[in-house]
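Geometric and topological summary
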Amino acid sequence: MLRTHRTPRDRAAFPTELPQMHIPAGVSPTVYAQHRDLLSVLMLRFMTSRLRAMYQAYDGDLTLCLVLGEIASRNTERHFDERRGYQPQYEHQPKPFLPCNALSISDVTGIPRETVRRKLAKLLALGWIEKTPEDMYVITDKIGEVFAAFDDSQTYDLMHTADLIGAVLRG
């Protein structure tokens, strides 16, 4: 039977079998194809430096990083919408978090639910997340304090890599 829906675990097992390549709007497919090897090297360097930074920031626990990242991504969906852009939060408004639970994190990442639960316990102990009365999880304000320099470093690396890629694609 042909599987048309692939799980995160399937994609992890066969990372080169990703969806069809998408060339950014305004980029010549010919130029992109001519420089694909160089673009691959630039992305390799960016991803390796980011993985190294994450490994160090999380004391080697990349699974903890991924679980926190999924919670933060879900919680902050209302802050940025692809169609509407940035949606600022005002002091008189409640936090616009979309909470998540261990099952949803496990489903989207492919990490076993018990492993997710252990990581959630560690994140709770660190004070980086909190549990709602409905047994859901949200990030705390401590995240912004703890990861400010890390985020600045990631932004710099991303912008630098984007500049290099842009220069390659412009010729």
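Let me begin by describing the structure that accompanies this report. Quick caveat: nothing in here was measured; it's all calculated off a predicted structure.

A contiguous nonpolar surface patch, about 280 Å² in accessible area, is contributed by Leu51, Tyr55 and Leu62. Tracing the backbone through its elements, the reader meets Leu62 in helix H4 (residues 62-75). What makes Leu62 partly exposed here is its relative accessible area of 36%.

Take the packing of aromatic side chains next. According to the stated counting rule, one finds 4 aromatic pairs in the structure shown. Here the aromatic rings of Tyr58 and Phe147 are separated by 5.5 Å at their centres, their planes lie at 25°, and the arrangement is stacked. Of this pair, Tyr58 sits in the loop between helix H3 (36-57) and H4 while Phe147 is found in the loop between helix H7 (142-146) and helix H8 (148-170), placing the two residues 89 residues apart along the sequence. A single burial state applies to Tyr58 and to Phe147, both of which are buried. An aromatic cluster is present here, built from Tyr58, Trp128, Phe147 and Phe150 joined pairwise through their rings.

Parameters and conventions
- Residues numbered from 1 in each chain as written.
- Predicted model: local features only at pLDDT ≥ 70, side-chain atom pairs only at ≥ 80, totals over all residues.
- Heavy atoms only, no water.
- Patch = residues over 30% accessible without salt bridge, like charges linked within 9 Å, V, L, I, M, F, W, Y side chains within 5 Å.
- Areas by Shrake-Rupley, 256 points an atom, 1.4 Å probe, with all protein chains shown as cover.
- Salt bridge = Lys/Arg side-chain N within 4 Å of Asp/Glu carboxyl O.
- Helix = DSSP H or I, 4+ residues; strand = E, 2+ residues; numbered from the N terminus.
- Buried < 20%, exposed > 50% of the residue type's maximum accessible area, 1.4 Å probe, protein only.
- Phe/Tyr/Trp six-rings, centres within 6.5 Å; stacked < 30°, edge-to-face > 60°.

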